[in-house]
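Here is how the chains run, residue by residue.
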Amino acid sequence: MMNRDSTLSRRTVLSAFRIMSKKYDAIVVGGGHNGLICAAYLAKAGKKVLVLEMRHVLGGAAVSEELYPGFTFSVFSYVVSLLRPHIIRELNLTRHGLEIIPLECSFLPLPDGDSLCRWADPELTRREIMRFSSRDADMYPEFGLALKKIAYFVKRIVDNPAPDPTSSNPIELLKMLRLAKSFRSVGDDLVYLHTKLLTMSAVDFLDMWFESDVLKAPMSVSGIIGTFLGVRSPGTAYVLLHHYMGEIDGAFRAWGFSKGGTGQVSLAAAAAAREHGAEIRTEAPVVQFLIRRGTCKGVVLDGGEEILAGHVFSSLDPQRTFVGLIENGQLDPDFVSRIKRYKLRGSSGKVNLALDRFPDFSCRPGDGPHVRGDIAIAPSIEYLERAYDEAKYGEFSQRPYLNVVIPSLVDPSLAPPGKHVMSIFVQYAPYYVNGGPSSWPEKREAFGDAVVDTLAEYCPGLKDAVLYRQVLTPWDMEQQIGLGEGNIFQGELSLEQLLFQRPTAGWARYRTPIKHLWLCGSGAHPGGGVMGAPGELAAKTFLGTLGG
Amino acid sequence: MNHREKTDYDVIIIGAGHNGLTAGAVLAKKGRKVLLLEQCSQVGGLAAREEFHSGYTAPGVLHDTSGVRHGLIQALDLRLHGLKVNPDPPSIYAPQRKGKGLLLHHDPERAAAEIGLFSTKDAEGYKEFRAFVNRVRPVVNGVLDNTPPQLFDSGGGVGWQTLRRAWSVRRLGKRDMAELLRIVPMCAADWLNEWFETDLLKALLAGPSVYGTFMGPRSPGSALNLLIWECRKGPLVVGGAGALVDALQRAAKAYGADIRTNAQVDAITTEGGRATGVSINGGELLESKFVIATCDPKQTLLDLLPSGAINETLEHRMGTFRARGTTAKVNVALDKRIQLAGRPGEPVEMVRTGESLDELEQAFDPVKYGRYHERPSLDIYIPAITDSACAPEGHSVLSVLVHFVPYHLKGRWNYRERESLGAAVVATLSAFAPGIEDSIESLEVLTAMELESRYGITEGQIFHGEHALDQLLIRPTPECARYGTPVEGLYMCGSGSHPGGGLTCAPGALGARAVLTNS
C-alpha cells in the first residue's frame, strides 16, 4: 500500500538516480547567443539542459571581452538590432541584464569635408538630405514606409519555420498555397516590389527611389554586410531588407548598443537558461557527435569524455556540424556534398581600438550626437563597388568600406573616463585570400593598416590616439570562435541558401539526417545576425514535436 | 499586292524585326489583315544582313540563331518558305593565348573526349551536366515557350496555368526540382565551380550567361541565364539570321500581310483609352483594331503613347526598367579565312574568348565605371562556312559581338574612341589568330550609341531590356507581362517581353497568340 512516506522516498530515489545518470534531455553545442537562447527555451520547458562552450567565455560572436585593461570590447558583433522582441520578453532578458541603447544616427563623413547625418527624428533627417537633394528628402520617408510594409510581410516568413515547396506532404503544400495567397492579399504593388527586392541589386533598387549618391551609398551598404557581393550585385536588395527588419521595441530599422557590450546579450540568455536549471560548461570543446545506428546519443569532448543526451542541438555552422563533427560514413554522401557546397566564404574583418582620447572627425569636429550612432566610410557607390572588385580576385580592399562605432560615448562603463573603445567593421577581407586562408596572419597588420589609414583620412588624430589595436581577419574568426571561413552569418545570405534551403533543401527545419541531432545556429533559418531566431525556433520546433 | 484601305487592317505591327515578322506571319496565317511598319529601308531589325563594306555582308547584329523555336518553324511552315536548319547544333571554340584551346562539340561524348585532355573528372562531369540539362529542359522550355501564367485567377485562387507549371516542375522528382529551384538565384560562377575544375571550360559555358546583361559571372541571376541558354540552344539556321529574316518575310507576305519599309511610327493614336492606330512619317494616320509594338517597351509606353495614356505607376516602372546597352558590334572584312593558331585548318563557326571565369569577370568590371577592358570579351560568329555569299571568293567575314562596352563611355564616344575599341578587338583576336591585323580589309565598329540610332533601340540594349533575374521573371512590368497593356488594343511583343531577347522569335509568336485569344 502506498503511503506518503514511501512516495516521497521514491521521488528522492528517482531524482538521485537522475543526478547520477548524468543523462541530459538536451545538450547544446556552442555557447553563442543562439545556443544559449535555445538552451533557455528548452530549460524553461522543463528539460534538463547542458550547454558546452569551447572557449573560456560565453557568447561566440556576441561576446564582450576586456582585451586591454579598463577597456571592454564587443569583439566581433557590435550592434544589436535583429534580436526579436518576443524572445526578449519570453526569456525575461531585460531582467537578466540586457539593456539596449538605441543608436541615435547614421553619420557619413565625406572626403570633401561635407557630411550627411540621418537621425531617428525625421525632420532633422529631412533637413540634412535636402542639402543634397530635395527630391530625395521627400522620398526618404516614403521609402521607409514601403520597406516597412514589405518587412512586416517578410517577417511572417522569417519568424516561422520555412515552408518547403519540394515536400510531398499535402499539409506542406497547403501551407505554401496559403503563403502564396497571402502574397496576393498584400496587393499587386507589393508583390512586384517584393520580386524586385528578391532579385535586384541594392543600388538598382535604390535607384528606383533616390538620385543622390550620398544617400544611396550608405544605404546600399546594408545589402552587402556579411556577403561576398558588391552593392551592384543582384540579390543584395534582399539582404538590405533583411537588415531593415531590425527591431527594438517594435520600431523597425532601429539599431542599438547593448549596454556592457554585445556579450551582455549572451550573458543575459545564459542567466535565463541557468535560472531555469540549465548547466553551462566552458572550456569544453566538443570534437564529435556520438552516433549509434543513425541516432545521436550525445557528444564526445576533447580529451575523450562522453556525455549522453536524449537530443543534441548544434549551434555550430553546418559544415563544422556535419563534416567536422560527424564521422565519415554516418551521412548520405549526397547530403555531405550539398553541405560542402554551402557557401561560407567570409568577406569581412574587424579592427578594435582602444583610444586615449575622443577621435575628432574633421568634417564635424567634436563630440556630439552625430558620433553616438554608426559612422560609415562609404563616400560613393563607385568606392564601394571598387572595394568589392579588389576582393573578388583575392586581395583585401585597400580602400575598404568601414562601419565605425564608439560605444563608450553612450556607455561609459566600457572605458576609463575620457578614453574610448572604437569598433570598426570592415569589408572586404576575403577568407580565400591569395596565398590561401592560412596566409592571413602574414597580411593581418597590413590589413589593419589599410583600415586605420583609411579612417585617418576622415579622423586625422586617430593614429596618435591608439593605445591598443586588435585586428581580426576571417581566418582569426574561424580560429578563435569557430566561425566557418569567418562568415559572420554562418553562411552567406544568398537566396539559394535561405528559407527552405538553409542550410540545404529538405533540411531547413532544424532537424538533420541524424535522428535527435538538431541545428540551431545562424546556419539555419532565418540566418544570421544577432537575432536569436534560429535558437528559438529550433527549440520550439523540438518542443512542439514532443508535446512540450 | 493590293493596297488596302486605311481602316481595313485588323492589326498594325510596329517594327518588322524578327519578332514583328513572326507576329505578322502568325496573325496573317490565321486570317487577320496585318500591316507591318518598318522604319529602316529593309526589314529584319537586329537580325538583318548588312553590307558593311562593298562585297562583304555581315549577318545581323544578333548572329546566334541556335535559339529559334522549332515549334514556330513548324507552325509557320518556314521550311516551305526557304528556311533550312543544320542537322546539328554548332560546336563552340574557346581559344587560348598559349595552347590549343577547347572545341566543345555538340555531341556530349566527343566534347567529353576533348575535355578529358584537360581533366578526366570534368569529362565525366560534363556528361552529367548535359544529362541534367536534358532532364530539366522540358520544364524550362515549358516556361519559355508559353505565355507567363496568370499567378492568381480573378477569384483570388491560384491560377490553373500556375498549377500546371508547378506540377511539371514537381514531376521532375524531388532532387531535380530542388536543384532547379536552387539554381534560379545563383551566379553562373558558383554553379559552374560546383560542376567543373577546368577554367577554360567554365569560361566557355559562362559566356551566354552574361551577354547582353549588366552582369558578370559572379552576379546572382546569371546561372538562370546560363540554364535558359543551355536548354534552348539547338542547330543554327543555314545562312544565319539573314536567312531567318528572309523566310519570315516570305511567309508573312505569303499569308497576306502587308509590309511597308521607310515607315517611321512617331505616335500611337488613342481614343477614350483605346489604341486606334498609328501616325507615321510625321503625319500619315493609319487605323486598326489592334496595335502591336515590337520596338522596345520604353519607347512604346513612354515615347509613342500620348501623355496621360498610362498611369504614374506604369510610367515609373517603365522608367526604372533597366536597359543599359553593354554590347558593341564589330564587323570585320578579311581578305582570307581566319587562321586559328590552336586549330589550323578546322572549320570553326562560333568562338568565345575568355580563359577563366575571373577573366570574364574582369572584362565585366570596367563597364560599371563607364569603361571597357583592354581585352574585351568577344562572341564571334564566322558565317562564311554556311553562307558563302557573304564575302568574295576566298575572303571572309567575322561577326563580333563585343561585350561589356558601355553606352555611356567616360569621356565620350567619338571617332577616335571607336577606333580604339576596334584596335582592342583586333588585339584580342590576334592573340589566337596571329597576323589577322594584316588581313583586315575593313572594320565596322558600332557602339551602343550607333546601335541606338541605327536600329531604334533604347541605349543600344540588344535585348530591349537587360536579362536580369527580376526582369526575366516579370517582363517588362506586371501589367504588361502577358503582352497586353493597360491601353486597350495595344500589345507589346518584342524582346522586351517574355521570354526576352535573342533570336528566338518566341515573344512575337506568343504576343500574336495573345491577340488572337482576345480578338
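Residues numbered from 1 in each chain as written. Chains lettered and ligands numbered in written order. Predicted model: local features only at pLDDT ≥ 70, side-chain atom pairs only at ≥ 80, totals over all residues. Heavy atoms only, no water.

### Quick word on the overall build of chain B
Scanning chain B from N- to C-terminus turns up 17 helices and 16 strands. For chain B, whose C-alpha radius of gyration is 22 Å, the value lies close to the compact-globule estimate of 24 Å for 519 residues. Principal-axis analysis of the C-alpha atoms gives chain B an extent of 65 × 60 × 50 Å. Evaluated residue by residue, chain B yields a buried proportion of 63% over its 519 residues. Partitioning the contacts of chain B with sequence separation of at least 6, the portion at a separation of at least 24 is 72%. (Helix = DSSP H or I, 4+ residues; strand = E, 2+ residues; numbered from the N terminus. Rg over C-alpha atoms; globule rule 2.2 N^0.38 Å. Buried < 20%, exposed > 50% of the residue type's maximum accessible area, 1.4 Å probe, protein only. Contact = heavy atoms within 4.5 Å.)

### Side note on the packing of helix H3 (residues 108-115) of chain B against helix H4 (residues 120-144) of chain B
Residue and element names in this part refer to chain B. Viewed as axis vectors pointing N to C, H3 and H4 meet at an angle of 155 degrees, and their least axial separation amounts to 8 Å. What the angle tells us is that H3 and H4 run roughly antiparallel. Seen along the crossing, H3 lies across H4 with a hand that is right-handed. Residues Pro108, Glu109, Ala111, Ala112 and Ile115 of H3 form the contact with H4, whose own contacting residues are Asp122, Ala123, Tyr126, Lys127 and Arg130. Residues belonging to the contact of H3 with H4 are distributed by class as follows: 6 nonpolar, no polar and 4 charged. (Axes fitted to C-alpha atoms, helices over the stretch in contact; angles between N-to-C directions. Parallel < 35°, antiparallel > 145°, perpendicular 65-115°, else oblique. Left-handed = near helix turned anticlockwise from the far one by under 90°. Nonpolar A, V, L, I, M, F, W, Y, C, P; charged D, E, K, R; others polar.)

### A closer look at the pattern of salt bridges
Counted under the stated rule, the structure contains 62 salt bridges over all chains. Two residues, Glu109 of chain B and Lys127 of chain B, come together in a salt bridge whose shortest N-O distance is 3.5 Å. Placement of the pair is Glu109 of chain B in helix H3 and Lys127 of chain B in helix H4, with a sequence separation of 18 residues. Looking at Glu109 of chain B, the relative accessible area reads 49%, which means it is partly exposed. According to the relative accessible area criterion, Lys127 of chain B is partly exposed, its value standing at 27%. Taken together, the shared-partner salt bridges in this structure form one network comprising Lys196 and Asp204 of chain A together with Arg322, Arg324, Glu466 and Asp470 of chain B. (Salt bridge = Lys/Arg side-chain N within 4 Å of Asp/Glu carboxyl O.)

### Remarks on the packing of aromatic side chains
Under the counting rule described, the total for this entry stands at 33 aromatic pairs over all chains. Here the aromatic rings of Tyr68 of chain A and Tyr468 of chain A are separated by 5.3 Å at their centres, their planes lie at 15 degrees, and the arrangement is stacked. With Tyr68 of chain A in strand E3 (residues 64-68) and Tyr468 of chain A in strand E19 (residues 466-472), this pair connects stretches of sequence that are 400 residues apart. Relative to Phe196 of chain B, the ring of Tyr126 of chain B lies with its centre 6.4 Å away and its plane at 40 degrees, an arrangement referred to as tilted. One end of the pair, Tyr126 of chain B, is in helix H4; the other, Phe196 of chain B, is in the loop between helix H7 (188-195) and helix H8 (199-210), with 70 residues separating them in the sequence. Accessibility assignment for this pair places Tyr126 of chain B and Phe196 of chain B in one class, buried. (Phe/Tyr/Trp six-rings, centres within 6.5 Å; stacked < 30°, edge-to-face > 60°.)

### Details of the side chain of His81 of chain B
Secondary-structure assignment places His81 of chain B in the loop between helix H2 (70-75) and strand E5 (92-94). Look past the residues within four positions of His81 of chain B in its chain and what remains in contact with it is Leu76, Ala247, Arg250, Ala251, Ala254 and Tyr255 of chain B.

### Here we look at the nonpolar core
Counting 92 residues, the largest nonpolar core has Phe143, Phe205, Phe361, Met422, Ile424 and Leu455 of chain A as the members making the most contacts within it. Aside from chain neighbours lying at most four places away, what touches Phe143 of chain A is Phe205, Leu206, Trp209, Phe210, Met219, Leu240 and Tyr244 of chain A. (Core = buried A, V, L, I, M, F, W, Y, C linked by side-chain atoms within 4.5 Å.)

### Some details on the side chain of Asp365 of chain B
By secondary structure assignment, the location of Asp365 of chain B is in the loop between helix H13 (357-364) and strand E13 (377-381). Its relative accessible area of 7% is what places Asp365 of chain B among the buried residues. Ignoring sequence-local partners within four residues, the contact set of Asp365 of chain B consists of Asp389, Lys392 and Tyr393 of chain A.

### Examining the sheet that holds strand E15 (residues 348-355) of chain A
All names here are of chain A. Strand order in the open sheet formed by 7 strands is E7-E6-E16-E17-E18-E15-E19, with mixed pairing between adjacent strands. Both edges of this open sheet fall to strand E7 (115-119) and E19, since each of them pairs with a single strand only. When the angles between neighbouring strand axes are averaged without regard to direction, this sheet yields 20 degrees. In the sheet, E15 pairs with E19 via 6 bridges, with the strands oriented antiparallel. Among the inter-strand pairings, Lys350 is bridged to a residue of E19, identified as Leu472. Sheet contacts for helix H9 (residues 213-221): strand E6 (105-109), E7 and strand E17 (401-405); angle to E7, the most-contacted strand, approximately 55 degrees. Sheet contacts for helix H17 (residues 474-481): E15 and E19; angle to E19, the most-contacted strand, approximately 85 degrees. (Pairing = 2+ DSSP bridges.)

### Overview of the interface of chain A and chain B
Of the residues lining the interface, 38 residues belong to chain A; the matching set on chain B comes to 40 residues. Its salt-bridge partner being Glu361 of chain B, residue Lys392 of chain A comes within 2.6 Å of it at the nearest N-O pair. At the junction of chain A with chain B, the criterion picks out 16 residue pairs in polar contact (both at pLDDT 80 or more). Ranked by residue count, the leading element in the side of chain A that touches chain B is helix H14 (residues 381-392) of chain A, at 6 residues. Taken together, the residues that form the side of chain A that touches chain B break down as 15 nonpolar, 7 polar and 16 charged. (Polar contact = N/O pair within 3.5 Å; in protein donor to acceptor, adjacent residues only side chain to side chain.)

### Some remarks on the packing of H8 of chain B against helix H9 (residues 222-232) of chain B
All names here are of chain B. Look at H8 against H9: their axes get within 7 Å of each other, and the N-to-C directions meet at 105 degrees. Here H9 runs roughly perpendicular to H8, going by the angle between their axes. Where H8 abuts H9, its residues Leu205, Pro208, Ser209 and Val210 lie against Ser222, Asn225, Leu226, Trp229 and Glu230. Across the contact of H8 with H9, the residue classes tally to 5 nonpolar, 3 polar and 1 charged.

### A short note on H7 of chain B
All names here are of chain B. Among the 8 residues in H7, 6 count as buried, and that is most of the element. When H7 is considered as a whole, its buried residues turn out to be Ala188, Ala189, Asp190, Trp191, Leu192 and Trp195. Buried residues in H7 make contact with H4, helix H6 (174-183), H8, H9 and H13.

### Concerning the domain arrangement of chain B
All names here are of chain B. Domain boundaries in chain B define domain 1 (3-48 + 71-76 + 238-321 + 464-517) and domain 2 (107-232). Taken together, the contacts link 14 residues of domain 1 with 19 residues of domain 2. Inspection of the domain 1/domain 2 interface yields 0 salt bridges. Our count for the domain 1 to domain 2 interface comes out at 4 residue pairs in polar contact (both at pLDDT 80 or more). Of all the secondary-structure elements, those providing two or more residues to the side of domain 1 that touches domain 2 are helix H16 (469-473) and helix H17 (506-518). Considering each element in turn, the side of domain 1 that touches domain 2 owes the most residues, 3 residues, to H17. Within the side of domain 1 that touches domain 2, the residues separate by chemical class into 7 nonpolar, 4 polar and 3 charged. (Domains from an automatic or database assignment.)

### As for the confidence of the model for chain A
Residue and element names in this part refer to chain A. When pLDDT is averaged across chain A, the result is 88; 86% of the residues are at 70 or more. Residue range residues 1-5 is modelled with pLDDT below 50. Its contacts to residues more than four positions away, or to other chains, number 1 contact. Counting interchain partners and residues more than four positions distant, the pLDDT-below-50 stretch residues 247-253 has 26 contacts. (pLDDT = per-residue confidence, 0-100.)

### Section: unusual backbone geometry
Trans peptide bonds make up the majority, and among non-glycine residues the majority have a negative phi. Cis peptide bonds are those with omega within 30 degrees of zero, and the linkage from Gln427 of chain A to Tyr428 of chain A qualifies with 15 degrees. Inspection of the secondary structure assignment puts Tyr428 of chain A in the loop between strand E18 (420-427) and helix H15 (440-456). His498 of chain B connects to Pro499 of chain B through a cis peptide bond whose omega is 0 degrees. Within the secondary structure, Pro499 of chain B is located in the loop between strand E16 (490-492) and H17. A positive phi is found at Gln490 of chain A, a non-glycine position, where the angle reads about 55 degrees. Residue Gln490 of chain A is classed as buried on the basis of its relative accessible area of 8%. Backbone geometry places Tyr483 of chain B, a non-glycine residue, at a positive phi of 80 degrees. Summarising the element assignment, Tyr483 of chain B is placed in the loop between H16 and E16.

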